[in-house]
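Understanding the architecture of this molecule
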Amino acid sequence: MQSTGQTSTHARSLTPMQGSVITYVIVPAAPSGRWTTAQGVRRILRQVLRTSFPRRKGWAVATFVAMAVATTPMAAQAPACSDGRTALVLSGGGAKGLAHLGVITALDSLGVRPDYVVGTSMGAIVGALYAGGATAREADSLATIFSPTALFSSSAPSGPIAWMPFSPLLTWAVGKKGFTLQSPSINEADANSLISALLLQPNLLASGDFDRLPIPFRAVATDLATRDTVVLSSGDLAQAVRASMSVPLVFAPERIDGRLLVDGGLSANVPIAIARALPGVTRVIVSDVSSGLLTEDGLEAGPLAVADQLAGFLFVQPPDSLGRDDVYIRVDLKQFKNLDFAPATMASIQRRGRLAADSALAAAACLPLGPAPSGVLPRSVASFDLSAGAPTDAALLQRYLGLYPGSPIDMAALARQVNAVSGLGAFTALWLHPTTASRDRVSFQATVEPAPPKLAGVTVAYDRDLGARAGMMYLDRRLIGQPLEFSAMLGVGTLTNDITLGFRRYFGAGRTWVAPALTVHLENQAINLYTDDGIDAGRTDTRQGVLFAGVEQGFSAGWVLGVGFDGRSWNGGDVPLGSTDSTTDGSSAGVRVFARRPHGAWKTKASLVWSESYQRAALTTSYTFTFGKISLTPLARLGWGADLPLQDQFPLGGAAGFPGLSVHQLRGDRELFGGLELSHPIRGSVRWEVLGAVGRSANGGDLFTDTDWLGGIRAGIGVETPIGDVQAAYGITTTSTDNIFVRIGRWF
């Protein structure tokens, strides 16, 4: 892309090569896009001389600035490329690919505008955003809003809404050849929704043809059957990028035009040759974040190093040659992991990308300078059609996304809705396939990949105080061939055995979903009893049956609300210690209202059950803040009830317990709890964590009172593993009671 020839003023902020003098000045760009050294010195001297300085110091500063500019190898002085086209090549590399954002920042600061962008895997994601006209800052903001961090966290809850609070370790999905094990590494539906939302704007700009983007774009994938390199230049942009980043065993392959495609890194991780083959390309700017192979010394580290090397063989190809006018930016990221998307790590990776780019661009023979590219987004919807899926899916998605003919397009709102499609539970993927209907109207020829009609899952967990627990789950989304969802969960354990059956029928309601729901829960729970001094006083067995019939509604922010009839019957076991109530059996019929937000930084669960003989209100909420590598999570719990059976009373601290006490040691029909959890990584997936808490538990009386308050602190180690967090910690209370907390997996 050629310079426009217009004079403009740009701030040049570069990091020169080692040994150079660093200078930050305002340099007016020449009409041709370049200045000779003498011209640059004269203009800077004029600028300096027009500035007010104390006498005698002014000439010294002016002389210093002039000498610095004359001797500093600034990339801003590289001449504009006179002929041929330039392609920006962005390699694959997982989280390391975020260094491309730093590279793009450097390009933007110099006014560099490539004629093509070619990306593989993570390079395809960043490249599609950049080709769509996003600056590095805008791309980074989008990546923060639609963050991939939770996708790769083994501690994040997963599984269908109907299975909550069960969270599967392994999931089987029915396919053409029966039940097959799904990838435990990632939630496919969440990943596809995130990619589609992240790339919504460039997808609309391309409208099926990637050459329509402000900068023409190519995504690189690999044919799984032949290992041939596949260059994608049309279709749904988000789907093309999803195919390019389909790392085997992490993501499922993506089928496009009859070919089963996987990560482009398997055939062209640094796609220089593909870029050179594009029309008119004579030079390339390469941002390479790929991981090299281990040396012989590194291979002696053990079996994991050998496995890493074998995986590396799949993503390493012989390097392509570079020409005199090419720019090669190699970012050293050896110490980072491919799937480490922690905020502090991502920021560090981007900084390294910027530094490497500044150094390489300073030595460039020429740079393709030009104005920032732009495109025209459609303003309204022409039509919405859907292929595949159930007959009712088109109407459901049209309402959910708000894509009615003639309706205006709110980009931010549509992106949120697209990202929330996975929460419907009915689709593994939604690809919008926008096409241009007129200059400012767009048609959607959307396709969906229906979620597997049947799922099965298993999970296990262990707690030092509560014992072992295992769960088995089943889900049928089309019971007896009808759009009726059936769910079943069976839990067995040291203290609790329970079964839950559920029926739901989902409908679209504007930009939300509504589901009439019927659930039945049967439970047999043994409860540990303690004296006032915390001494084990044995166990008592309780039984309970609960029926709920009502309506649930989901919202794009992750909220699920519900209201309906609540009927229950219980046997509360032996009389709780300290209680004057001799009645432990009972039943009630009333109303239940609940709200929950189980995913994201802010997690909340609230419920109210009210009848003449049973009243219970509960609120649990937490919010996780991240400051660099430190995670800070305030927690709060509030509970109030009247004449609650033992199994429905509030254990102080909930499932996580109270620092210094055995889990569920204190329980009552009043609870106030506040805590602050702090964690910081030590190495890899190992972290230290501290929980400080205050709270009170009581039976009867006022909820807020000055008595019965307790404080505690717990500190220990946590390790993120494929089966969830493994935690070991020591806690002590303000009354000097102490306890060792050990838990493996996600408690349910």
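Residues numbered from 1 in each chain as written. Predicted model: local features only at pLDDT ≥ 70, side-chain atom pairs only at ≥ 80, totals over all residues. Heavy atoms only, no water.

1. Notes on the overall build of the chain
Secondary structure summary: the chain contains 15 helices and 36 strands in total. Burial statistics for the chain: of 748 residues in total, 49% are counted as buried. (Helix = DSSP H or I, 4+ residues; strand = E, 2+ residues; numbered from the N terminus. Buried < 20%, exposed > 50% of the residue type's maximum accessible area, 1.4 Å probe, protein only.)

2. Quick word on the confidence of the model for the chain
Put simply, the chain has an average pLDDT of 82, and 81% of its residues get 70 or more. Here strand S2 (residues 25–28) stands out as the element of the chain with the lowest mean pLDDT, 30, in contrast to strand S20 (residues 496–504), whose mean of 97 is the highest. Between residues 1–76, whose pLDDT stays under 50, and residues either more than four places distant or in other chains, the model counts 102 contacts. (pLDDT = per-residue confidence, 0-100. Contact = heavy atoms within 4.5 Å.)

3. Considering helix H15 (residues 411–420)
With seven of 10 residues buried, H15 is to be regarded as a mostly interior element. All of the buried residues along H15 are Met411, Ala413, Leu414, Ala415, Gln417, Val418 and Ala420. At its buried positions, H15 is contacted by helix H6 (188–198), helix H7 (200–206) and helix H14 (393–401). Where H15 begins, one side-chain oxygen reaches toward the backbone nitrogen of alanine 412, 3.3 Å away; that side chain belongs to aspartate 410. (Polar contact = N/O pair within 3.5 Å; in protein donor to acceptor, adjacent residues only side chain to side chain.)

4. A look at the side chain of glutamate 254
Mapping glutamate 254 onto the fold places it in strand S9 (residues 254–256). With no salt bridge to any partner, buried glutamate 254 finds its closest opposite charge in arginine 242, at an N-O distance of 4.3 Å. Reaching out from glutamate 254, the side chain makes a polar contact with the side chain of tryptophan 431 at a distance of 3.2 Å. Not counting chain neighbours up to four residues away, the residues in contact with glutamate 254 comprise Gln239, Arg242, Ala243, Ser246, Arg259, Leu260, Leu261, Trp431 and Glu449. (Lys, Arg positive; Asp, Glu negative; His and termini not counted. Salt bridge = Lys/Arg side-chain N within 4 Å of Asp/Glu carboxyl O.)

5. Concerning the nonpolar core
One recurring pattern in soluble globular proteins: nonpolar side chains tend to sit buried together. Ranked by internal contacts, the top residues of the largest apolar core, which has 71 residues, are Phe217, Leu232 and Ile329. For this core, the leading source of residues is helix H4 (residues 122–131), giving eight residues. Ignoring sequence-local partners within four residues, the contact set of leucine 232 consists of Phe210, Phe217, Arg218, Ala219, Ala221, Ala240, Ala243, Ile256 and Leu261. With 32 residues, the next largest nonpolar core counts Ala197, Leu200, Leu397 and Phe444 among its residues. (Core = buried A, V, L, I, M, F, W, Y, C linked by side-chain atoms within 4.5 Å.)

6. Quick word on the state of the cysteines
Following the criterion strictly, the structure yields one disulfide and no others. Sulfur-sulfur distance for the disulfide between cysteine 81 and cysteine 366 comes to 2.2 Å. Residues cysteine 81 and cysteine 366 share a disulfide whose torsion about the S-S bond is about 95 degrees; that sign makes it right-handed. Of this pair, cysteine 81 sits in the loop between helix H2 (57–71) and strand S3 (85–90) while cysteine 366 sits in the loop between helix H13 (343–362) and strand S13 (380–387), and the two are 285 residues apart along the sequence. Each member of the pair, cysteine 81 as well as cysteine 366, carries the same accessibility label: buried. (Disulfide = S-S within 2.5 Å.)

7. Digging into the pattern of salt bridges
Counted under the stated rule, the structure contains 21 salt bridges. The closest approach of N and O atoms between aspartate 326 and arginine 276, which form a salt bridge, is 2.4 Å. Within this pair, whereas aspartate 326 is found in the loop between helix H12 (303–315) and strand S12 (327–330), its partner arginine 276 is found in helix H10 (residues 272–276), the two being separated by 50 residues in sequence. A salt bridge links arginine 743 to aspartate 463; its shortest N-O distance comes to 2.8 Å. Of this pair, arginine 743 sits in strand S36 (residues 738–744) while aspartate 463 sits in strand S17 (residues 454–463), placing them 280 residues apart in sequence. A single salt-bridge network, built from bridges that share partners, covers Asp566, Arg568, Arg592 and Asp648.

8. What about the environment of histidine 521?
Within the element layout of this structure, histidine 521 appears in strand S22 (residues 512–530). Along the chain, histidine 521 and glutamine 544 lie 23 residues apart, while their C-alpha atoms are 8.1 Å from each other. A distance of 2.7 Å separates the side chain of histidine 521 from the side chain of threonine 500, its partner in a polar contact.

9. Quick notes on the pairing of strand S10 (residues 259–263)
Direction of pairing for strand S7 (residues 217–223) relative to S10: antiparallel, over a ladder of three bridges. Across the sheet, alanine 221 pairs through a bridge with aspartate 263, a residue of S10. Direction of pairing for S9 relative to S10: antiparallel, over a ladder of three bridges. What sits directly across from glutamate 254, in S10, is leucine 261. (Pairing = 2+ DSSP bridges.)

10. Some words on the side chain of arginine 597
By the element assignment, arginine 597 lies in strand S25 (residues 585–597). Despite its burial, arginine 597 pairs with no opposite charge, the nearest such side chain being aspartate 190 at 12 Å. Among the polar contacts listed, one links the side chain of arginine 597 to the backbone oxygen of tryptophan 602, at a separation of 2.7 Å. In contact with arginine 597, other than residues within four places in its own chain, are Ala557, Gly558, Trp559, Trp602, Lys603 and Thr604.

11. Quick notes on helix H8 (residues 237–244)
In terms of residue burial, H8 counts as a mostly covered element, since eight of its eight residues are buried. Buried within H8 we find Leu237, Ala238, Gln239, Ala240, Val241, Arg242, Ala243 and Ser244. You can read the cap of H8 off the contacts: a side-chain oxygen lies 3.1 Å from the backbone nitrogen of alanine 238, and it is on aspartate 236.

12. Some details on the packing of aromatic side chains
Enumeration according to the criterion identifies 13 aromatic pairs in this entry. With a centroid separation of 6.5 Å and 55 degrees between ring planes, the pair formed by tyrosine 474 and phenylalanine 486 is classed as tilted. Residue tyrosine 474 is located in strand S18 (residues 467–476), and its partner phenylalanine 486 is located in strand S19 (residues 485–493); the two are separated by 12 residues in the primary sequence. Residue class for tyrosine 474 comes out partly exposed when judged on its relative accessible area of 29%. Their ring planes at 15 degrees and their centres at 6.4 Å tell us that phenylalanine 625 and phenylalanine 627 sit as a pair that is stacked. The exposure class assigned to phenylalanine 627 is exposed, which follows from its relative accessible area of 52%. Through pairs of rings, three or more aromatic residues link up here, namely Phe166, Trp747 and Phe748. Positioned above the aromatic ring of phenylalanine 507 is the side chain of arginine 505, whose terminal nitrogen or guanidinium carbon lies 4.3 Å from the ring centre. Seen from the ring of phenylalanine 741, arginine 714 lies directly overhead, with NZ or CZ sitting 4.0 Å from the centre. (Phe/Tyr/Trp six-rings, centres within 6.5 Å; stacked < 30°, edge-to-face > 60°. Lys NZ or Arg CZ within 6 Å of the ring centre and 35° of its normal.)

13. Remarks on the environment of serine 121
In this fold, serine 121 is placed in the loop between strand S4 (116–120) and H4. Counting along the chain gives 27 residues from serine 121 to glycine 94, while the straight-line C-alpha distance between them is 7.3 Å. Excluding anything up to four places from it in sequence, serine 121 contacts Gly92, Ser244, Met245 and Asp263. Engagement of the side chain of serine 121 in a polar contact is seen with the side chain of aspartate 263, the distance being 2.8 Å.

14. Digging into the environment of alanine 488
Take alanine 488: it is sitting in strand S19. The class for alanine 488 is buried, based on a relative accessible area of 17%. For alanine 488 and threonine 519, which are 31 residues apart along the polypeptide, the C-alpha to C-alpha distance reads 9.6 Å. For alanine 488, the residues in contact, after removing those within four places along its chain, are Trp163, Met472, Met473, Tyr474, Thr500 and Leu501.

15. Description of the packing of H6 against H15
Interhelical geometry of H6 versus H15 gives an angle of 165 degrees and a closest axis separation of 7 Å. Looking at the two axes, H6 sits roughly antiparallel to H15. Between H6 and H15 lies a crossing whose hand is right-handed. Judged by residue contacts, Ser193, Leu194, Ser196 and Ala197 of H6 engage Ala415, Val418 and Asn419 from H15. Residues of the contact of H6 with H15, tallied by class, amount to four nonpolar, three polar and no charged. (Axes fitted to C-alpha atoms, helices over the stretch in contact; angles between N-to-C directions. Parallel < 35°, antiparallel > 145°, perpendicular 65-115°, else oblique. Left-handed = near helix turned anticlockwise from the far one by under 90°. Nonpolar A, V, L, I, M, F, W, Y, C, P; charged D, E, K, R; others polar.)

16. Describing unusual backbone geometry
Put simply, methionine 164 and proline 165 share a cis peptide bond, and its omega is 10 degrees. One non-glycine residue, aspartate 257, adopts positive backbone phi at about 50 degrees. Among the residues examined, aspartate 257 registers a relative accessible area of 76% and is labelled exposed.

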